[in-house]
Each structure stands twice: as structure tokens, then as C-alpha cells.
There are 2 protein chains.
Amino acid sequence: MRACLIIIGNEVLSGRTQDKNLAWLAKELNEIGIRLAEARVIPDNTQVIIDTVGACRKKFAYVFTTGGIGPTHDDITSDAIARAFGVKLERNQEAETILQRHYGKEKLNAARLKMADIPAGASLIRNAVSAAPGFCIENVYVMAGVPAIMQAMFESFKHELKGGAKMLSRAVSAYVTEGAIAERLSAIQDQYPDVEIGSYPLIRQQRLGTCLVARSTDTARLNAAYREIKDLLLSLTQEVAEEDWAA
Amino acid sequence: MRACLIIIGNEVLSGRTQDKNLAWLAKELNEIGIRLAEARVIPDNTQVIIDTVGACRKKFAYVFTTGGIGPTHDDITSDAIARAFGVKLERNQEAETILQRHYGKEKLNAARLKMADIPAGASLIRNAVSAAPGFCIENVYVMAGVPAIMQAMFESFKHELKGGAKMLSRAVSAYVTEGAIAERLSAIQDQYPDVEIGSYPLIRQQRLGTCLVARSTDTARLNAAYREIKDLLLSLTQEVAEEDWAA
């Protein structure tokens, strides 16, 4: 099962805001056996959102979007998604009730009410942090950009997602350079076509090294490949560290 | 002038590595009047690289890629870019000489020599950090993924890029929520269609607020819009902070 994340926001493309949703979502999706296969960062531009969502929802089992569902003029995601699906953007009664409960009648102005405008046929995504809901239409899940809100939204619907086999991974590192191990590592990769072996340069304590990551859905094959990778490093240095965390 | 960044790497999509190149490149490009208009994060997959580069190089004035040009088996970017352009990947004499000087004959093994295989017709991008060059073919600039190396590569060719007007920006923030200002902010946006006004929720010292960013290539219009935005905030609270940095 493959997913795509669409990060919507001029502030990410300008370098103002560092996205933190991709890494978080990637790990959460992997836990339920869905692989993040692509991500796109796009501007607050209706036509670009329409085109990107239109292309990605056909290519991937799941599409997640972050950003652009707030009350201000630059929050255009909901409208663009409605257009991408060729449906109306309409006042959603359930969403309006949620906003009324949260803001009270006095504070629920027209701008905030805009957050109850949802594409026809979409189902709401609960927002336990700040009330204003996201929504899901077909295989597209529309979430807020603020990480704490995005995470709460994802938690509310993740049990509904259908995953496949979880990608398992193990990592090991040493102060040897990639060029010194590349040929033998390639031979291991050839032996284990069902294990994805990644090689990443690292700098730790001002020393240059390499972190090798093995990824597979099969525990036995993963462990076998990992053992060979670790032995390769051990043949060059005694200073080999199993990484606590791999992804 | 619009650019696209293609971030190539399974380690970014798995959540293992947090990309830091997008934000850095966005700011550098803006300094020379080029706007980062889209970014894509894609896996180490030849066909996906071919398709993505093929689509993006037609849509954007400049395409930058990061990742996948090292010596290991998972470094497939150079080969994929050659295929995307329908040219041969061939041993580049200039690149080989650079690697010979850097590694010396003894350490320059076959894996490291692979880094001298460059698409035919491409020009090299100098790497002042670790020697192995990137390359440029037509409007596509292929760089390393390690931020320090990517930055050194970019510095080496940025004077060749042709930019337009630089996007100027100013930012101001206050402890008012987006919903409280959205309607009046929208009216300001309508008055200044040539100024892009972004509204971003912020949490500082555990207080909820909003940061408003005005972006324009015209200083006078930027300042006029900024003044109105600031006045809007000042009409609601005395605690309004001009941000030192905007993007």
C-alpha cells in the first residue's frame, strides 16, 4: 500500500517554515503497513492543488494533504479539493455544530464559519486540539498543517486505513567511508533483492562514517542481510555501532 | 523565474532523515530572484526519477535535484538523469582527474570511479567539500544530498543562474487568533492583489497567536500593505512584534 503526502503552503516553499509532518507521518504510516512513496510541496494556488491532487489520487492508494484549512483568505485547500473532485463546497451541518460548541455563538464569525465549508460527500476528520475538522473524500485525507493538530487528526482515523506488511528495518554504522565498502555492499544487495539496503554518509564527533540501513517486510531475510552488512563493517573496523532506531 | 527541487532518497521518505536542503535553497534562490515553486520527495527508483525529472524540467525554468550521486549501489541518480535526457552515461575525463587528485591512485577504486560517470553533454558542478562533482544538463542541476556538500555545489554555480525580481517580505506577529482578524485581513489582501499575504498560527511562550507575512517584489506596495496589516493587529492589541526575519 503506497501513499503520497501533499504539503500545501507558501511558507514551506519560501523556507520560512520547516516541514515536520512528513517524517512523523512516514513513521506512523509504516506502523500500519503503508509506505510513504512520494511527497510534494506545493503553493497556496488553487489550480496547482487541483492538478496535484488529481494526479496523485490516481497514482496512490492514499493521499494525505496538510495545510490551508484555516479561517483566513489564504486557506484555499477545501475549495480546491472540492474542485478537484468536481463537487460543491457546502456548509456542513455537523462541522457547523462542532464550531458552535467550540467558539460559542458570539465568537463564531463568518471567517471561522468558513471552516465548516466542506466538499459535498466528504466525511469529517475530528480535531481534538482546535475543533475545526479536516475531511476525507474518497482516498484523500485533508488535514491541518500545524503538527499537533495534524497528528491529532491522523490519530482519529488511522484505524480506518488498510495497510499491508509493515516495513521492518535495522541500521548499523561505522567510521568507514562509503567508497571503501561500496563494492562488497553491492554484492550483498544483489544477494538480497528483497531487502532494500541504503547507505548514508554520517558525521559524528567530527568523524566521517557511513550508516547502513536494511529494510524488508520479511524478518528472517532482514536479519540475514543485516548480519552480512554488519560483518562487512566488522571486517574493516572494530568500532561498529548497532543503531537503536532505524527507518 | 520558477524552480523545482527534487529530493531523491528513501531515507527522507521513510522519516529517517529530515530534509534541510529545501529551506536553505529556497532562501538562496530568492536572493537571486528565483522562486521555489514546488518540491518533490521521491524514492531511489530509476523510473520515478526519470518521470519526475521529465515532467518538472518542462514546467520550471530550473530544476535542482539532491541525493543519489555517491559511490554505493543505491546512488542511481546520474544514471536515471542520463536516461531522462536520452543520453549515455559515460566516464567523464575531467571528473576522473578530479577524483584521482582527491583520492590518489590507490584509494580510487571502481565504486569511487563510478562518481565520474556523468551524462554525455553535462557540465560538471564543482564540489569543494568532498571532490566528487555534481553536474548540470540543460536546466537540471544535480547535487549531493549532504547539506554541506549541496551548499558548496550551489555556491559554485549560482552566479550563472538568471533571476528575476527578488521577492521581498516583512512579517509581524501578535497574540490574536486568525479567526479574529481573517475578515479584515482578507479586505487588505483584496486591496493589494500584488502583495501575497500569508497568515500562520504560532505558539510562543504557550500563547496562541498569528504571524502575518507580506511578500511582494515592489518595496512601496509591500510597505503599504505591511503598514495596514500592522495597524490591524494594533487595533486589537498593543503587544505587536515586528519579526526580524521574514520569508
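Residues numbered from 1 in each chain as written. Chains lettered and ligands numbered in written order. Predicted model: local features only at pLDDT ≥ 70, side-chain atom pairs only at ≥ 80, totals over all residues.

Caption draft 1: Spotlight on the pairing of strand S8 (residues 140-143) of chain A. All names here are of chain A. Burial along S8 is two-sided: the residues Val140 and Val142 and Tyr141 and Met143 are all buried. Strand direction decides the pairing type here: strand S3 (residues 62-66) and S8, joined by 4 bridges, are parallel. Bridge pairing links Val63 to Val140 in S8. Judged from the 3 bridges that link them, strand S7 (residues 131-137) and S8 form a sheet pairing that is antiparallel. Paired with Phe135 across the strands is Val142, a residue of S8. Counting the residues between successive antiparallel strands, the hairpin from S7 to S8 contains 2 residues, one of them, Glu138, with a positive phi of roughly 50 degrees. (Buried ≥ 20, exposed ≤ 12 C-beta atoms within 10 Å, placed from the backbone. Helix = DSSP H or I, 4+ residues; strand = E, 2+ residues; numbered from the N terminus. Pairing = 2+ DSSP bridges.)

Caption draft 2: Quick look at the sheet that holds strand S9 (residues 168-174) of chain A. All names here are of chain A. The 4 strands are arranged S10-S11-S9-S12 in an open sheet whose pairing can be described as antiparallel. Looking along the sheet, the strands with just one partner apiece sit at the ends: strand S10 (196-204) and strand S12 (240-242). Taking each pair of neighbouring strands and ignoring which way they run, the sheet shows an average axis angle of 25 degrees. The sheet contact formed by S10 and strand S11 (residues 207-216) spans 9 bridges and is antiparallel. In the sheet register, Pro201 faces S11, and the bridge partner there is Thr210. Its contacts with the sheet place helix H8 (residues 178-191) against S10 and S11, and it is angled at close to 165 degrees to S10. Sheet strands touched by helix H9 (residues 219-234): S9, S10, S11 and S12. Its angle to S9, the strand with the most contacts, is close to 5 degrees. (Axes fitted to C-alpha atoms, helices over the stretch in contact; angles between N-to-C directions. Contact = placed C-beta atoms within 7 Å.)

Caption draft 3: How the structure looks around the relation of the copies chain B and chain A. If you rotate chain B by 180 degrees and push it 0.0 Å along the axis, it lands on chain A with an RMSD of 0.0 Å. Taken together, the rotation and translation describe the operation of a two-fold axis. Relative to the rotation axis, the closest C-alpha in chain B is found at B:Arg40, a distance of 2.2 Å. Most of the interface of chain B is mirrored in chain A, where 100% of its interface residues are also at the interface. (Least-squares fit on C-alpha atoms with pLDDT ≥ 70 in both.)

Caption draft 4: View of the pairing of strand S1 (residues 2-8) of chain A. Residues and elements named next belong to chain A. Of all the 7 residues making up S1, 6 are buried; the element is thus mostly covered by neighbouring parts of the structure. The pairing of S1 with S3 spans 5 bridges and is parallel. Residue pairing for S3: Ala3 is matched across the bridge by Tyr62.

Caption draft 5: Looking closely at the interface of chain B and chain A. With 44 residues of chain B in contact, the opposing surface of chain A contributes 44 residues. Among the elements of the structure, helix H1 (10-13), helix H2 (21-31), strand S2 (35-42), helix H6 (110-113), helix H8 (178-191) and strand S10 (196-204) of chain B are those that each provide at least two residues to the side of chain B that touches chain A. A per-class count over the side of chain B that touches chain A returns 21 nonpolar, 13 polar and 10 charged. Sheet analysis places strand S2 (residues 35-42) of chain A next to S2(B), joined by 3 bridges and oriented antiparallel. Bridge pairing links A:Ala39 to B:Val41 in S2(B). (Nonpolar A, V, L, I, M, F, W, Y, C, P; charged D, E, K, R; others polar.)

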